[in-house]
Amino acid sequence: MVRIVTDSGAHLPPELFRQHAITVVPLVVNIGGRTYYEGEDLDLETFYRYLQTSPTLPTTSQPPVGRFYEAYRRLSEEGHPILSIHLSSALSGTYASAMAAREMLPEAEIHVVDTHWISVPQGMLVLEAARMARAGATAREILERLEFMRSRMVFYFVLDTLEYLAKGGRVSNIQALMGNLLQLKPILKLHEGRIEAHERVRTTQRARARLLELIREYARGRRDLRIGVMHTRLPEVAEAIARTLHEEFQPVEILVAEAGPAVATHAGPGGLGLACYGSEK
């Protein structure tokens, strides 16, 4: 059976990782001179206390090549083909680390996938792959399905402030300052693996309403809908939006997930994102 490997940027609920035997290689967060592995020795409460009180921003990095090597070696020795599905190579070196580990095991069947996404859309692809693998699909069949889904997904998000993206080098300090001064809330999106501005609105309430409108515009007329709701410290808002979208569209599935420390380092608290996949009727 094909076994699925991913990184902790996929943001699936932990019980789904366990249920589908998905191997998760943790992203790295550096805080105050110490290195932590997301989901292993750094919980969200500790992370946010540091984020809100420290004068310096945590930094993030891709998993060490050795962590991928050990996961691949173990699974390949058990006789499994491996499909390793990762966050956008334009945002992280994770894909490169996975590729380097694959080269260290030339006899193993290892397919490494750059999803071009991160967070819940990445998780949606990982979950689809895991379900297909358990149903007996081949690696090639799963890869074809992932490519089909990947090219038809959307992911929009809004952040409470651009301060953290600016500190992490994802937007300029001038962009962040102007957005804050004018009380603008940029609607951001992932496009070809990179963060881009989609449009700007005033106030957080309008921004969240606009996120819903964008998903509605995309979802109408599509079938096989899968929806993902990502948040940073907004559980009640995320759940309310999930209920609204479920009532309106009755999708196949809705996933609600809080972003882990690696993504929250750049998003900050108060972030909200909506992802959706659907095929044309």
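Residues numbered from 1 in each chain as written. Predicted model: local features only at pLDDT ≥ 70, side-chain atom pairs only at ≥ 80, totals over all residues. Heavy atoms only, no water.

Q: Quick question: what am I supposed to make of the side chain of His231 here?
A: Here His231 is to be found in strand 11 (residues 222–232). His231 has contacts with Ala238, Val256, Ala257, Glu258, Ala259, Gly271 and Leu272, leaving out every residue within four places of it along the chain. (Helix = DSSP H or I, 4+ residues; strand = E, 2+ residues; numbered from the N terminus. Contact = heavy atoms within 4.5 Å.)

Q: How should I be thinking about the packing of aromatic side chains in this particular structure?
A: To describe a pair of aromatic rings, one takes the distance between the centres and the angle between the planes. The full count for this structure, using the stated rule, is 3 aromatic pairs. Each ring, one from Phe68 and one from Tyr72, has its centre 5.9 Å from the other, and the planes form 35°; the classification is tilted. Pair noted here: Phe68 and Tyr72 are both in helix 3 (residues 65–77), with a separation of 4 residues, about one helical turn. Of the two residues examined, Phe68 and Tyr72, each falls in the buried class. The cationic tip of Arg67 hangs over the ring face of Tyr37; the distance from NZ or CZ to the ring centre is 4.9 Å. Cation over ring: Arg152 sits above Phe148, and NZ or CZ is 3.7 Å from the ring centre. (Phe/Tyr/Trp six-rings, centres within 6.5 Å; stacked < 30°, edge-to-face > 60°. Buried < 20%, exposed > 50% of the residue type's maximum accessible area, 1.4 Å probe, protein only. Lys NZ or Arg CZ within 6 Å of the ring centre and 35° of its normal.)

Q: Quick question: what am I supposed to make of unusual backbone geometry here?
A: Most peptide bonds adopt trans geometry, and most residues besides glycine take a negative phi value. Non-glycine residue His116 carries a positive phi angle of around 70°. Turning to its location among the elements, His116 is positioned in the loop between strand 7 (110–114) and helix 5 (120–134). By relative accessible area, His116 is classed as partly exposed at 32%.

Q: I keep staring at the sheet that holds strand 3 (residues 28–31) and nothing clicks. Help me out?
A: Backbone hydrogen bonds hold the strands of a sheet together, and the pairing may be parallel or antiparallel. Here 3 strands make up an open sheet; going across it, the order is 4-3-5 and the pairing antiparallel. The sheet is open, and its two borders are formed by strand 4 (34–37) and strand 5 (59–61), each paired with just one other strand. Geometrically, the sheet is characterised by an average inter-axis angle of 30° between neighbouring strands, direction not taken into account. Here strand 3 runs beside strand 5; their pairing, made up of 3 bridges, is antiparallel. (Pairing = 2+ DSSP bridges. Axes fitted to C-alpha atoms, helices over the stretch in contact; angles between N-to-C directions.)

Q: Can you help me understand the sheet that holds strand 7 in this one?
A: Overall, parallel pairing links the 4 strands, which are arranged 2-1-6-7 in an open sheet. The open sheet has two free edges, formed respectively by strand 2 (23–25) and strand 7, since each of these has just one partner strand. Adjacent strand axes in the sheet meet at a mean angle of 20°, parallel and antiparallel pairs treated alike. Where strand 1 (residues 3–7) and strand 2 come together, 3 bridges link them in parallel fashion. Considered in strand 2, the bridge of Asp7 is made with Val25. Seen against the sheet, helix 3 touches strand 1, strand 2, strand 6 (82–86) and strand 7 and runs at an angle of roughly 150° to strand 6. In the packing of helix 4 (residues 94–103) onto the sheet, the strands contacted are strand 1, strand 6 and strand 7, and the crossing angle to strand 7 comes to about 170°.

Q: Quick question: what am I supposed to make of the packing of helix 3 against helix 4 here?
A: The geometry of a pair of packed helices is captured by two quantities: the angle between their axes and the separation between those axes. Two elements in contact, helix 3 and helix 4, have axes whose closest approach is 8 Å; the angle formed by their N-to-C orientations is 50°. When the axis of helix 3 is compared with that of helix 4, the two are oblique. Once helix 3 is placed against helix 4, the crossing between them reads as right-handed. On helix 4, the residues that touch Val65, Phe68, Tyr69 and Tyr72 of helix 3 are Thr94, Ser97, Ala98, Ala100, Ala101 and Arg102. Along the lines of polarity and charge, the residues of the contact of helix 3 with helix 4 split into 7 nonpolar, 2 polar and 1 charged. (Parallel < 35°, antiparallel > 145°, perpendicular 65-115°, else oblique. Left-handed = near helix turned anticlockwise from the far one by under 90°. Nonpolar A, V, L, I, M, F, W, Y, C, P; charged D, E, K, R; others polar.)

Functional significance is not addressed by these values, which are geometric in nature.
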